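Topology and contacts: notes
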Amino acid sequence: MSLLRDTWLICLRQLRPTLHSPVTGMGFSMLQPVLYLTLFAPLLAGMPGGMGENSLQWFVPGVLAMLALFGTSFAGFGLLPEMRSGAHERLLAAPVNRVALLLGRVMRDITVLLGQAVVILLLVLPFGLRVSPAGAVAGLLVLLVMGIGLGTLSYMLAMSVKQEFLFPAILQTTTMPLILLSGILLPMDLAPTWLYSLSRANPLSHVVDAERALFAGDFGDPSVYIGSGVAVAVAVVALALGTRLMRRLAA
Amino acid sequence: MIHTRELCRMFTTRTGTVEAVRSLDLDIGAGELVAFLGPNGAGKSTTLRMLTTLLLPTSGTAEVAGSDVVADPRAVRRSIGYVGQGHAAGTGQYVAEELISQGRLYGLGKAEAKSRAAELLADLDLEGLDKREAGHLSGGQQRRLDIAMGLIHRPELLFLDEPSTGLDPHSRANLWAHIARLRERYGTTILLTTHYLDEADSVAERVVVIDHGSVIADGTPDELKGKVSGDLVILETGSEEDARAAAAAVEAVPSAHSVDTAAAAVRLRVDRGDAVLPEILRAVDARGLELRTVQVHRPSLDDVFLTLTGRSLRESAE
């Protein structure tokens, strides 16, 4: 199976720079969620209602979803310098499975994501976070599935945009409303009806709801099925489009 | 090794359709070392990209290392090595790891890729740089690493796109010495592109001159130079007046032609400049004229390009 072997080889290649300098490779992309946890989460403790009483329980699952969003949707940024140099072209000229060139990179990104999410969870646990272990595992799994989808889309975007200055501009424009409409920072129940409806159209908000239910161990909550379904759907659609794009490159 | 028939590639731009490669027929046999020579935008790289499966032809066929580039690109990729214009190592990658990973992607086993990488690093003077980040190498070292990556699977055919661009003269000479050695040892067929005239002249056994997407000349450097009518002889006199008198004297030499004066110098073309020079000097001497310097130039590939297109390759390259 050249797809599996090549995906594995590309994933290993992509992981190497991260292993050589873990702080720059993993640390910086973790900074944003960590800052939210230290400089924003304490504000929530003063809020009325369930969110205020258990602010970590409420906030941490959302922050992990934020980590997944930023970590994977900016993944394509790493491909752009290799497209500008000759590294990507060199791989295209090699007898490597085309789809593996995409999948291998995505696999590396969700491996890093998993590592970062575990580190954040371990850091927060001493501050009174209570999680259902089975729920946390399921929650991370859902994030990884969503990460596969977002990472794939990000690489596809990089391959079609090709411009290093354009890529972050497009991403910032997309991720900002996704975050604001996700209910990560404040519960969307507080929103006026039109804003609430808008947030329901945001796939990320369903994943965030699912994460909160899962980390609380509430497996029966309908949001778990909706959120997981949304994550799987994003991944399936992205992989289908990504496979098509890579096969076209092969033609 | 390479056979193309009516190979074409068109690009659609905002201003219309550009024919980058027009109906290219090319046959390159096993073991040849061929240079594509032409100005920027002549279609050299586009041709190379089609032959290496990176770009689909608009029409026509190309068979590379026994397989069709469109029908079986994977078989082509397996048999060829490709060194593009850019640097092939990725961001933050270590020299040896990137090279080994390249070998694994060409299907080598772990141990084989490792030993092959060590062998190439030694061959290409990159020993001891295993754990250096590829981006921190010097320009010449990076280029040799690129070539190592193209050779990791011992391809029978190697494509080099502008291999020496951006290198200082010492690194260029060094690079060509390495390529010559590798070729001697493994008999690899090599197709390279260059816009350095001296390089095509000194390195290649066969030069294919490309302009506006078509082959305009094909042969050994000496055969191509034979298309230019004779050597250039330049006689420098003391004054414009002397130059005119010398020109009149030289006109009388039967094999001299295209005699011309520029300031105090006389320029003329003659077959076998070395053989005719004594006669020219006698003719000038007979008029009692004194010469300051005498030069005989064998035709260069630039003269060839000039003769064929009316443009100098040096000007077109800009």
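Note that this is a predicted model, so its numbers are computed, not measured.

Rules of the game
Residues numbered from 1 in each chain as written. Chains lettered and ligands numbered in written order. Predicted model: local features only at pLDDT ≥ 70, side-chain atom pairs only at ≥ 80, totals over all residues. Helix = DSSP H or I, 4+ residues; strand = E, 2+ residues; numbered from the N terminus. Rg over C-alpha atoms; globule rule 2.2 N^0.38 Å. Buried ≥ 20, exposed ≤ 12 C-beta atoms within 10 Å, placed from the backbone. Contact = placed C-beta atoms within 7 Å. Pairing = 2+ DSSP bridges. Axes fitted to C-alpha atoms, helices over the stretch in contact; angles between N-to-C directions. Expected span 1.5 Å × (residues − 1). Arc of directions from axis to C-beta. Nonpolar A, V, L, I, M, F, W, Y, C, P; charged D, E, K, R; others polar. UniProt positions renumbered as here; feature names shortened; annotations may be inferred. Parallel < 35°, antiparallel > 145°, perpendicular 65-115°, else oblique. Left-handed = near helix turned anticlockwise from the far one by under 90°.

For chain A, the count of helices and strands is 13 helices and zero strands. If you list the helices and strands of chain A from N to C, you get α-α-α-α-α-α-α-α-α-α-α-α-α. Whereas a compact globule of 251 residues would reach a radius of gyration of roughly 18 Å, chain A reaches 19 Å, a difference of no more than 12%. On the principal axes, the C-alpha backbone points of chain A span a range of 60 × 40 × 35 Å. In chain A, buried positions account for 44% of the 251 residues. For chain A, long-range pairs separated by at least 24 residues make up 79% of all intrachain contacts whose partners lie at least 6 apart in sequence.

It is worth spelling out the pairing of strand 1 (residues 2-13) of chain B at this point. Residue and element names in this part refer to chain B. Where strand 1 meets strand 4 (residues 59-64), five bridges bridge the pair, whose relative direction is antiparallel. Along strand 4, the bridge assignment pairs Arg 5 with Thr 61. Of the strand pairs in this sheet, strand 1 and strand 2 (residues 16-28) are connected by nine bridges, and their pairing is antiparallel. Paired with Leu 7 across the two strands is Leu 24, which belongs to strand 2.

Here the focus is the sheet that holds strand 7 (residues 157-161) of chain B. Residue and element names in this part refer to chain B. Read from one edge to the other, the open sheet built from six strands follows the order 6-7-8-3-9-10, with strand pairing classed as mixed. With partners counted over all chains shown, the strands left at the sheet margins are strand 6 (80-83) and strand 10 (214-219), one partner each. Taken over all neighbouring pairs, the strand axes of this sheet differ in orientation by 15 degrees on average, direction set aside. The sheet contact formed by strand 6 and strand 7 spans four bridges and is parallel. Considered in strand 7, the bridge of Gly 81 is made with Leu 158.

Turning next to helix 6 (residues 169-186) of chain B. Each turn of an α-helix holds 3.6 residues, which means side chains three or four residues apart point in the same direction. Residues and elements named next belong to chain B. Its 18 residues place the ends of helix 6 26 Å apart at the C-alpha level, agreeing with the 26 Å of an ideal helix rising 1.5 Å per residue. Regarding helix 6, the residues found buried are Arg 172, Leu 175 and Ile 179. The arc enclosing the buried residues of helix 6, seen along the axis, measures out at 65 degrees, which places them on a common side. Summarising the geometry of helix 6, the exposed residues directed more than 90 degrees from the buried face are His 170, Ala 177, Arg 181, Glu 184 and Arg 185.

Okay, the interface of chain A and chain B next. Frequently, the measure chosen for interface size is the accessible area removed from exposure when the parts meet. Contact with chain A, which involves 20 residues of that partner, is made by 26 residues of chain B. Elements represented by at least two residues in the side of chain A that touches chain B include exactly helix 1 (2-20), helix 6 (79-84) and helix 7 (87-92) of chain A. With six residues, helix 1 of chain A is the largest single contributor of residues to the side of chain A that touches chain B. Here the side of chain A that touches chain B is composed, by residue class, of eleven nonpolar, three polar and six charged.

All names here are of chain A. In the numbering adopted here, UniProt assigns the feature "transmembrane region" (unreviewed entry) to residues 23-46, 58-80, 110-129, 135-158, 165-186 and 224-242. Helix makes up 75% of residues 110-129 and strand 0%, with an end-to-end C-alpha separation of 24 Å. A distance of 27 Å separates the end C-alpha atoms of residues 224-242, which is 100% helix and 0% strand.

To continue, consider the environment of B:Ala148. Tracing the chain through its elements places B:Ala148 in helix 5 (residues 139-151). Excluding residues that lie within four positions of it along the chain, B:Ala148 makes contacts with B:Leu99, B:Leu120, B:Leu121, B:Leu124 and B:Leu126.

Next up on the list: the packing of helix 1 of chain A against helix 8 (residues 98-124) of chain A. All names here are of chain A. At their nearest, the axes of helix 1 and helix 8 sit 7 Å apart, and the two run at 45 degrees to each other. On the basis of the axis angle, helix 1 is oblique to helix 8. In this structure, the crossing between helix 1 and helix 8 has a hand that is right-handed. Residues Leu 3, Asp 6, Thr 7, Leu 9, Ile 10, Cys 11, Gln 14, Leu 15 and Thr 18 of helix 1 form the contact with helix 8, whose own contacting residues are Val 99, Ala 100, Leu 101, Leu 103, Gly 104, Arg 105, Met 107, Arg 108, Thr 111 and Val 112.

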